[in-house]
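Take a look at the letters that make up each chain.
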2 protein chains.
Amino acid sequence: MRDFFDLLASHASVRKFLPQPIPDEHVTSAVTAAQMASTSSHVQAYSILRITDSETRARLVELTGGQPYVEQSGAFFVVCADERRHRLLFDREGSTHERNLETYLVAVIDASLFAQNLALAFESMAYGICFIGGLRNDLDTVDELLELPEHVMPLYGLCVGVPEERSEPKPRLPLDAVLFDDRYPSDEAMLRAMDTYDADMQQYYASRGVPGRSWSKGILRKFHEARRTYLHRYYAGKGGRLS
Amino acid sequence: MRDFFDLLASHASVRKFLPQPIPDEHVTSAVTAAQMASTSSHVQAYSILRITDSETRARLVELTGGQPYVEQSGAFFVVCADERRHRLLFDREGSTHERNLETYLVAVIDASLFAQNLALAFESMAYGICFIGGLRNDLDTVDELLELPEHVMPLYGLCVGVPEERSEPKPRLPLDAVLFDDRYPSDEAMLRAMDTYDADMQQYYASRGVPGRSWSKGILRKFHEARRTYLHRYYAGKGGRLS
């Protein structure tokens, strides 16, 4: 299925959308198809909210750090790790729902396998997508705004729409920095592979008018300061167990 | 791209494989294509090990709870959340690498978006796949066996191979239990949607010779006892920060 490899290869996040909504039937067929993703022991520990209210979407632009496409895309979704469905079954039985880092991880992984299927389903219909990690900037306020019940844990947003502008796909790490046979490589080999990539990415950025930018500088800047340090408190407060 | 929806719709985990290895060029083209998955700020915080050593694969059968396809599939991979590459850059600079639940989450999500792309890439080439959450049964021993360095955090395995037997796709939760507009539904509505699904799944299992089995009973059994309670200690010991 060569077409499918082309679909994967052509992915680049879209951040400019035409003001066209997404027909309901596209949303329902994409979500239904995406639900066929693998799920740990069939627990299906995820949910997705489509935000249709325009005031809420405007507020979410602010809460995600001023990303206008959160409002302007054809549809905006919030992807959640969801342990609530299971909890409701336990509550009805009067039985104990045991959760810990394992069940939290299962929910995050289930949600993300589903979300990648969903992103591809929309892309296969010629829509553009962009995941919004900025949703985690202020989950307390997002939570209040969306009135999320306990055990429903928002992870990230997803913008979907008709692209006004498409970017070229961005080069990824070389294969020898990501795929290994049997053993993780030596530090020297890994640093070499990253340096090769860094040189390529500097050229890539320079050719796009951003000379001096590199991948490694971005990593060093990004992880130099602790970000979103409230997350453990937030998820634990939602009834997630991270221990 | 109707074909792509067929690809998603036809997914069912494969657990019986023909003894045929996967050509290297299929592995490299699938991994390369899968790397085009979205990644938070382009950090690409994942790695994948292909286990080629037959003794190691035999040992992994035991460690994952006796799943023979871990040895018998054409290829077996270990998908890892990877903060090590970033760490090496920080160490070289003599600078501080700040990690917390946010960076751990980013790595788990990045790895899972990538892994779902990878699963689909193999399925699009007519291979069958099965994720192996059982890898988390005993990560201390897996870690020692694979000599994983600090900051490389195994999440799950992935079997890929030529199917000897394919199962029919298993029905998923109804759309109204998973996709919501603006607000999460009431407990009553959610329980109703789960009950409908449960009735369907009971029929599904009964028609496959397992009368009395249901989805909700499976959930109640699975989460009644705490499992893999050592995970926090293990990931924290790998230098992951979960706070």
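Because the structure is a prediction, the values reported are computed rather than measured. (Residues numbered from 1 in each chain as written. Chains lettered and ligands numbered in written order. Predicted model: local features only at pLDDT ≥ 70, side-chain atom pairs only at ≥ 80, totals over all residues. Heavy atoms only, no water.)

Visitor: Looking at this model, I keep getting lost on the interface of chain B and chain A. Mind explaining?
Guide: Interface size is commonly expressed as the accessible area that is lost once the parts come together. Each side of the interface is counted separately: chain B has 113 residues, and chain A has 113 residues. A buried area of about 10,300 Å², summed over both sides, lies between chain B and chain A, and 65% of it is on carbon and sulfur atoms. On the chain B side of the interface with chain A, the three residues burying the most area are Met36(B), Tyr184(B) and Phe223(B), jointly 8% of the side's total. Inspection of the region where chain B meets chain A yields 12 salt bridges. (Contact = heavy atoms within 4.5 Å. Buried area = accessible area lost by both parts, 1.4 Å probe. Salt bridge = Lys/Arg side-chain N within 4 Å of Asp/Glu carboxyl O.)

Visitor: Any chance you could explain the packing of aromatic side chains here in plain terms?
Guide: Residue and element names in this part refer to chain B. With the rule as written, the count across this model stands at 21 aromatic pairs over all chains. The interplanar angle of 15° and the centroid separation of 4.3 Å between the aromatic rings of Tyr46 and Phe114 together place this pair among those described as stacked. Linking Tyr46 in strand 2 (residues 46–50) with Phe114 in helix 6 (residues 101–124), this pair joins segments that are 68 residues apart in sequence. Comparing Tyr46 with Phe114, the two get one shared label, buried. (Phe/Tyr/Trp six-rings, centres within 6.5 Å; stacked < 30°, edge-to-face > 60°. Helix = DSSP H or I, 4+ residues; strand = E, 2+ residues; numbered from the N terminus. Buried < 20%, exposed > 50% of the residue type's maximum accessible area, 1.4 Å probe, protein only.)

Visitor: What exactly am I supposed to notice about the nonpolar core here?
Guide: One recurring pattern in soluble globular proteins is that nonpolar side chains are buried together. Residues Phe122(A), Tyr235(A), Phe122(B) and Tyr235(B) are the most contacted members of the largest nonpolar core, which totals 180 residues. Residues contacting Phe122(B), with those up to four places away along its chain left out, are Ile22(B), His26(B), Val27(B), Ala30(B), Phe77(B), Tyr127(B), Ile129(B) and Val160(B). (Core = buried A, V, L, I, M, F, W, Y, C linked by side-chain atoms within 4.5 Å.)

Visitor: It is not clear to me how the pattern of salt bridges should be interpreted in this structure. Could you clarify?
Guide: Where charged atoms from two side chains of opposite charge come close, those side chains can pair. Scanning the entire structure with this criterion turns up 26 salt bridges over all chains. Measuring nitrogen to oxygen at the nearest pair gives 2.8 Å for the salt bridge that ties Asp140(A) to Arg233(A). With Asp140(A) in helix 7 (residues 139–146) and Arg233(A) in helix 10 (residues 231–237), this pair connects stretches of sequence that are 93 residues apart. When its relative accessible area of 30% is taken as the criterion, Asp140(A) is described as partly exposed. Among the charged side chains, a salt-bridge network with shared partners connects Asp24(A), Arg50(A) and Asp181(B).

Visitor: Hey, could you run me through the packing of helix 2 (residues 24–34) of chain B against helix 6 of chain B in this one?
Guide: Geometry of a packed helix pair, given as the angle between the helix axes and the separation of the axes. All names here are of chain B. Two numbers describe how helix 2 lies on helix 6: the axes approach to 8 Å, and their chain directions differ by 140°. Considering their axes alone, helix 2 and helix 6 lie oblique with respect to each other. When the axes of helix 2 and helix 6 are compared, the crossing they make is right-handed. Residues His26, Val27, Ala30, Val31, Ala33 and Ala34 of helix 2 touch helix 6, and the partners they reach there are Phe114, Asn117, Leu118, Ala121 and Phe122. When the residues that make up the contact of helix 2 with helix 6 are grouped by side-chain class, the tally is nine nonpolar, two polar and no charged. (Axes fitted to C-alpha atoms, helices over the stretch in contact; angles between N-to-C directions. Parallel < 35°, antiparallel > 145°, perpendicular 65-115°, else oblique. Left-handed = near helix turned anticlockwise from the far one by under 90°. Nonpolar A, V, L, I, M, F, W, Y, C, P; charged D, E, K, R; others polar.)

Visitor: In this structure, what is going on with the sheet that holds strand 2 of chain B? I would like to understand it.
Guide: Sheets are built from strands that pair by backbone hydrogen bonding, the pairs being arranged parallel or antiparallel. Strand order in the open sheet formed by five strands is 7(A)-2(B)-3(B)-5(B)-4(B), with mixed pairing between adjacent strands. The two strands at the open ends of the sheet, each matched to only one other strand, are strand 7 (179–181) of chain A together with strand 4 (128–132) of chain B. With strand direction ignored, the average angle separating the axes of adjacent strands in the sheet is 25°. (Pairing = 2+ DSSP bridges.)

Visitor: Help me out: how do you make sense of the sheet that holds strand 3 (residues 75–82) of chain A in this one?
Guide: With mixed pairing, five strands are arranged side by side in an open sheet as 4(A)-5(A)-3(A)-2(A)-7(B). Each having just a single partner strand, strand 4 (128–132) of chain A together with strand 7 (179–181) of chain B make up the two edges of the open sheet. Averaged over all neighbouring strand pairs, the angle between strand axes comes to 25°, with direction disregarded. As judged from the eight bridges shared by strand 3 of chain A and strand 5 (residues 152–161) of chain A, these two strands associate in the antiparallel manner. When the bridges of strand 5 of chain A are listed, Asp82(A) appears paired with Val152(A).

Visitor: Explain the environment of Asn117(B) to me, please; I cannot follow it from the model alone.
Guide: Relative to the elements of secondary structure, Asn117(B) occurs in helix 6. Linking Asn117(B) and Ile132(B), residues 15 residues apart in sequence, is a C-alpha distance of 16 Å. In contact with Asn117(B), not counting residues within four places along its chain, are Leu8(A), Gln116(A), Leu120(A), Ala33(B), Ala34(B), Met36(B) and Ala37(B).

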